[in-house]
Structures are given as C-alpha cells and as structure tokens.
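Examining the three-dimensional arrangement
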Amino acid sequence: MDFGSITTAVGSLKAAGELAKGLIGLKSDAEVQAKAIELNQKIIDAQHQIFAANAAQTSLLERIRDMEAEIAHMNDWGTQKQRYKLAAPFSGCMVYALQKSMSDGETPHYLCTTCFHKGQPTILQGRETHGPGRSTAVYYCPTCKSEAKTQWSNVTAPQYFEDIKQG
Ligand SMILES: [Zn+2]
C-alpha cells in the first residue's frame, strides 16, 4: 500500500495550517492575498495526495476480493474433484471419470486431465473425424484443445468410473 501519499498529505495539511496561522499577523491586503493563494495550493496538493491514497486502497480492496473469490473457487473445486477418478476408457488415453457413487444423479462424463490439474474442470466432447475410407471417434477438450483418439469409429456414451473396464 502507498502509505507515502498519506504521509505527504498530512505534511501538506500541516504546512497549510502554518500558513493559515501566519495570515493573522499580516498587514497588507496584497500579503494576505499572496498567502491565501499559497494556502489554496497546499490544500489542493493535500487533496491530490488523499485521492491517490484512496485509489491505492480501492485497488487493494479489489485485489483482496479477487483473491477471496479464487480461494472460494479452489475450496469448491477441492470438494468437486473427489467425485472423479483417473481412468483409461480408451487405450492410451487417460481421463477423469465421474464415479457412480458420487454422481448425485449426474450423467456419466469425462474430464480433461490437463485442465483437471489446473482446477478448470472441462468436460471432454465426443466427435467423429472422417478420414479416407473410415471414421475415428475422438474426445476433445474445448478448453485446452487436447484430443484423444479412441479405437472406435463412432462416439460412444461416456461411462461412470465403476463401469469402465480397466485395461
Ligand atoms: Zn483440457
């Protein structure tokens, strides 16, 4: 935090106070006017410094709010991730599969392992690619764009972790 601007603001206000005290002893109008201008400048300086300190505090509060939201998200994900287990539904490709016992009625689905470890659960989407003479079913991640080929030609529905035959 920029405590510097507060210290400077206090300094400017102190100087303004001294100037105001000095005004009382002055004889001519010209002297009073000169001092009044100086005093006005000191007050403006102090205001600027207070605004700067205020802006610094606002941005700090925003950062705290963002970090609190991030912590809440991480805590929530910490609970959510317990519902999935690493599985290999197609040879050579790992996914995180939803466990039937933890599904809470949710349909079976697979999560991308890369995004899972980043705390960004992303459901893998099935798609068929059509090559010459044959098609291949792939699962791809819409977030990190990683892709896993299955040994099948058609996309099959994802299964719960418990139903996947572990090779
Ligand atoms: Zn991904």
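Use the structure listed above.
This structure is a prediction, so every number in the text was calculated from the model and none was measured. (Residues numbered from 1 in each chain as written. Predicted model: local features only at pLDDT ≥ 70, side-chain atom pairs only at ≥ 80, totals over all residues. Heavy atoms only, no water.)

A separate point is the coordination of the zinc ion. In the first shell of the zinc ion, the protein supplies Cys 112 (SG), Cys 115 (SG), Cys 141 (SG) and Cys 144 (SG), at 2.2 to 2.3 Å from the metal. Given four donor atoms and angles of 104 to 114 degrees at the metal, the environment of the zinc ion is assigned as tetrahedral. Donor residues binding the zinc ion come from one chain and are separated in sequence as C-x2-C-x25-C-x2-C. Remark: Cys 144 occurs in the loop between strand S5 (135–140) and strand S6 (147–149) and Cys 112 occurs in the loop between strand S3 (110–111) and helix H3 (113–117); sequence separation between them is 32 residues. Overall, the relative accessible area of 3% leaves Cys 112 in the buried class. Using a relative accessible area of 28% as the deciding quantity, one classes Cys 144 as partly exposed. (Donors = N, O, S within 2.8 Å, 3.2 Å for Na, K, Ca; no water. Tetrahedral: all angles 85-135°; square planar, octahedral: opposite > 155°, others 65-115°. Helix = DSSP H or I, 4+ residues; strand = E, 2+ residues; numbered from the N terminus. Buried < 20%, exposed > 50% of the residue type's maximum accessible area, 1.4 Å probe, protein only.)

On to the nonpolar core, then. Within the largest apolar cluster, 14 residues are counted, with the highest numbers of intra-cluster contacts made by Phe 90, Val 95, Ala 97, Tyr 110 and Leu 124. By residue number, the principal contributor to this core is strand S2 (residues 93–98), which donates three residues. For Ala 97, the contacting residues outside a window of four places in its chain are Arg 83, Tyr 84, Lys 85, Ala 87, His 109, Tyr 110, Gln 159, Phe 161 and Ile 164. Tyr 84, Tyr 96, Leu 111 and Phe 116 belong to the second largest nonpolar core, which has seven residues in total. (Core = buried A, V, L, I, M, F, W, Y, C linked by side-chain atoms within 4.5 Å. Contact = heavy atoms within 4.5 Å.)

Before going further, it helps to examine the packing of aromatic side chains. Taken as a whole and judged by the stated rule, the model has seven aromatic pairs. With a centroid separation of 5.1 Å and 15 degrees between ring planes, the pair formed by Phe 90 and Tyr 139 is classed as stacked. Residue Phe 90 is located in strand S1 (residues 84–90), and its partner Tyr 139 is located in strand S5; the two are separated by 49 residues in the primary sequence. Tyr 139 matches Phe 90 in its accessibility class, with the two residues each being buried. Arranged with centres 5.7 Å apart and planes meeting at 65 degrees, the rings of Tyr 110 and Tyr 139 form a pair that is edge-to-face. (Phe/Tyr/Trp six-rings, centres within 6.5 Å; stacked < 30°, edge-to-face > 60°.)

Turning to the sheet that holds S2, a few remarks are in order. The strand order across the open sheet built from three strands is S1-S2-S3, with neighbouring strands paired in antiparallel fashion. Of all the strands in the sheet, the pair left with one neighbour each is S1 and S3. Here two bridges tie S2 to S3, and the two strands are oriented antiparallel to one another. Counted as the bridge partner of Ala 97 is Tyr 110 from S3. (Pairing = 2+ DSSP bridges.)

Attention shifts here to the pattern of salt bridges. Under the criterion given, the structure shown has five salt bridges. Here Lys 100 and Asp 163 are joined by a salt bridge, their closest N and O atoms 3.9 Å apart. Residue Lys 100 is found in the loop between S2 and S3, and its partner Asp 163 is found in the segment after S6; the two are separated by 63 residues along the sequence. (Salt bridge = Lys/Arg side-chain N within 4 Å of Asp/Glu carboxyl O.)

Turning our eyes to something else, we now look at the pairing of S1. Relative to S2, S1 runs antiparallel, the two being bridged by five bridges. Its bridge partner lying in S2, Phe 90 is registered against Cys 93. Remark: two residues form the turn of the hairpin made by S1 and S2, two consecutive strands paired antiparallel; Gly 92 in that turn has positive phi of roughly 80 degrees.

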